[in-house]
Amino acid sequence: MSLKRILKHLATPHWAVRRAFPRRAGDAVQQAVRAIEKAHDVELRVVVEGGLPLAALLRGQGARARAIELFSMLRVWDTAHNTGVLIYLQFADRKIEIVADRGISARVKQEEWDAACAAMAREFRAGRFEEGTLAGIRSVTALLERHLPPPPPGDRDELPDRPSVL
């Protein structure tokens, strides 16, 4: 546990995250998520978190562990075809993680997810958070085009399409 890291997380105000991801960005991300879900048998969830909760910081929890925790808490794993994907953006540490359910992770290699994260990170470093998130969704879409079929007829939307800002 690093005191510097704890202070950075506790000092990251919610308004800073909201400024980086305003309502306009949320609308654009929501439209992109809806488009990918209409084209592929996937349920995509985008979560942006400012600073980690104090308990997580005291445990020394990293971005990957937090993404997996949220994957479970938000029930991204609980989709009909085991095709849930979480894009997790950890604002204070500037970390990006993609967690996929077993229906997808068996087909997509970690290096491919890492490349999608790198596409987002390039935009984030330039302060273009909306563009970075959309670039990540485009990268995920390109991966899924190779690995997943279109959704079955009558497929229902199982997860919220609007990004969550924690």
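Provided above is the structure to which this section pertains.
Residues numbered from 1 in each chain as written. Predicted model: local features only at pLDDT ≥ 70, side-chain atom pairs only at ≥ 80, totals over all residues. Heavy atoms only, no water.

Caption draft 1: Examining the packing of aromatic side chains more closely. A complete count under the given rule lists 4 aromatic pairs for this structure. With centroids separated by 6.4 Å and ring planes inclined at 85 degrees, the aromatic side chains of Phe 21 and Phe 124 adopt a geometry described as edge-to-face. With Phe 21 in the loop between helix H2 (14–20) and helix H3 (23–39) and Phe 124 in helix H7 (residues 110–125), the pair connects residues that are 103 residues apart, well separated along the chain. Judged by relative accessible area, Phe 124 falls into the buried class, the value being 14%. On the basis of an interplanar angle of 50 degrees and a centroid distance of 5.6 Å, the ring pair of Phe 21 and Phe 129 is categorised as tilted. Of this pair, Phe 21 sits in the loop between H2 and H3 while Phe 129 sits in helix H8 (residues 129–147), and the two are 108 residues apart along the sequence. The same class applies to Phe 21 and to Phe 129, which are both buried. Connected via pairs of aromatic rings, a cluster forms that spans Phe 21, Phe 91, Phe 124 and Phe 129. (Phe/Tyr/Trp six-rings, centres within 6.5 Å; stacked < 30°, edge-to-face > 60°. Helix = DSSP H or I, 4+ residues; strand = E, 2+ residues; numbered from the N terminus. Buried < 20%, exposed > 50% of the residue type's maximum accessible area, 1.4 Å probe, protein only.)

By themselves, these are just geometric observations and shouldn't be taken as functional.
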